[in-house]
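One letter stands for each residue in the lines below.
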Amino acid sequence: MLEVYIDAASAGNPGPSGIGIFIKGEGHHVQISEYIGQTNNHIAEFTALVRGLEEAQKLGTSIISVRSDSKVVVASIEKEYVKNEEFKPFLEQALKLASNFDLFFIKWIPDGQNKAADALARKAILKEKN
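Here's a quick rundown of the structure. Because the structure is a prediction, the values reported are computed rather than measured. (Residues numbered from 1 in each chain as written. Predicted model: local features only at pLDDT ≥ 70, side-chain atom pairs only at ≥ 80, totals over all residues. Heavy atoms only, no water.)

This part is about unusual backbone geometry. Pro-14 follows Asn-13 through a cis peptide bond whose omega is 10°. Inspection of the secondary structure assignment puts Pro-14 in the loop between strand E1 (2-10) and strand E2 (15-25). Phi at Glu-26 takes a positive value of approximately 55°, unusual for a residue other than glycine. By secondary structure assignment, the location of Glu-26 is in the loop between E2 and strand E3 (28-39). Positive phi outside glycine occurs at Glu-80, with the angle close to 55°. Among the secondary structure elements, Glu-80 is positioned in the loop between helix H2 (71-79) and helix H3 (88-98). (Helix = DSSP H or I, 4+ residues; strand = E, 2+ residues; numbered from the N terminus.)

Next up, the structure:
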């Protein structure tokens, strides 16, 4: 099973944003830090989820457990519903990617348990500023 930790950071809301993805398990240790441009924090969190699922799929696993400190993202996936139409394309893409795994789990975790992905997201913004 792969554990996929995802997070996003925005310097302002909206503002310069980055995503962080930390994948471990099955002999993998992947760290992704990407600047995604100007957006709001929720869009950045959904972007991190989609990218994390894409990266996990490349690793050829069948069981994945995603961990996120975004209650909006986790609740949206669990309910397969978003109120905000702006999030709908991200939800649809994430659900489609998740269906490619034999088992897919998503779990909300507190910020303190998501430090690796958070640091990667913040690093992406700092890299862009410099």
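Next comes the rest of the account.
In this section: the sheet that holds E3. Here five strands make up an open sheet; going across it, the order is E3-E2-E1-E4-E5 and the pairing mixed. The two strands at the open ends of the sheet, each matched to only one other strand, are E3 and strand E5 (103-108). Each neighbouring strand pair of the sheet contributes to a mean axis angle of 20°, computed without reference to strand direction. Bridging between E1 and E2 involves eight bridges; their strand directions are antiparallel. (Pairing = 2+ DSSP bridges. Axes fitted to C-alpha atoms, helices over the stretch in contact; angles between N-to-C directions.)

Before going further, it helps to examine the packing of aromatic side chains. According to the stated counting rule, one finds three aromatic pairs in the structure shown. With 6.4 Å between their ring centres and 35° between their planes, Phe-46 and Phe-90 make a pair best called tilted. Pair noted here: Phe-46 is in helix H1 (residues 41-58) and Phe-90 is in helix H3, with a separation of 44 residues, a long-range link. Residue Phe-90 is classed as partly exposed on the basis of its relative accessible area, which comes to 22%. (Phe/Tyr/Trp six-rings, centres within 6.5 Å; stacked < 30°, edge-to-face > 60°. Buried < 20%, exposed > 50% of the residue type's maximum accessible area, 1.4 Å probe, protein only.)

This brings us to a nonpolar patch on the surface. On the surface, Met-1, Leu-103 and Phe-105 cluster together to form a nonpolar patch covering roughly 280 Å² of accessible area. Here Met-1 is to be found in the segment before E1. For Met-1, a relative accessible area of 43% puts it in the partly exposed group. (Patch = residues over 30% accessible without salt bridge, like charges linked within 9 Å, V, L, I, M, F, W, Y side chains within 5 Å. Areas by Shrake-Rupley, 256 points an atom, 1.4 Å probe, with all protein chains shown as cover. Salt bridge = Lys/Arg side-chain N within 4 Å of Asp/Glu carboxyl O.)

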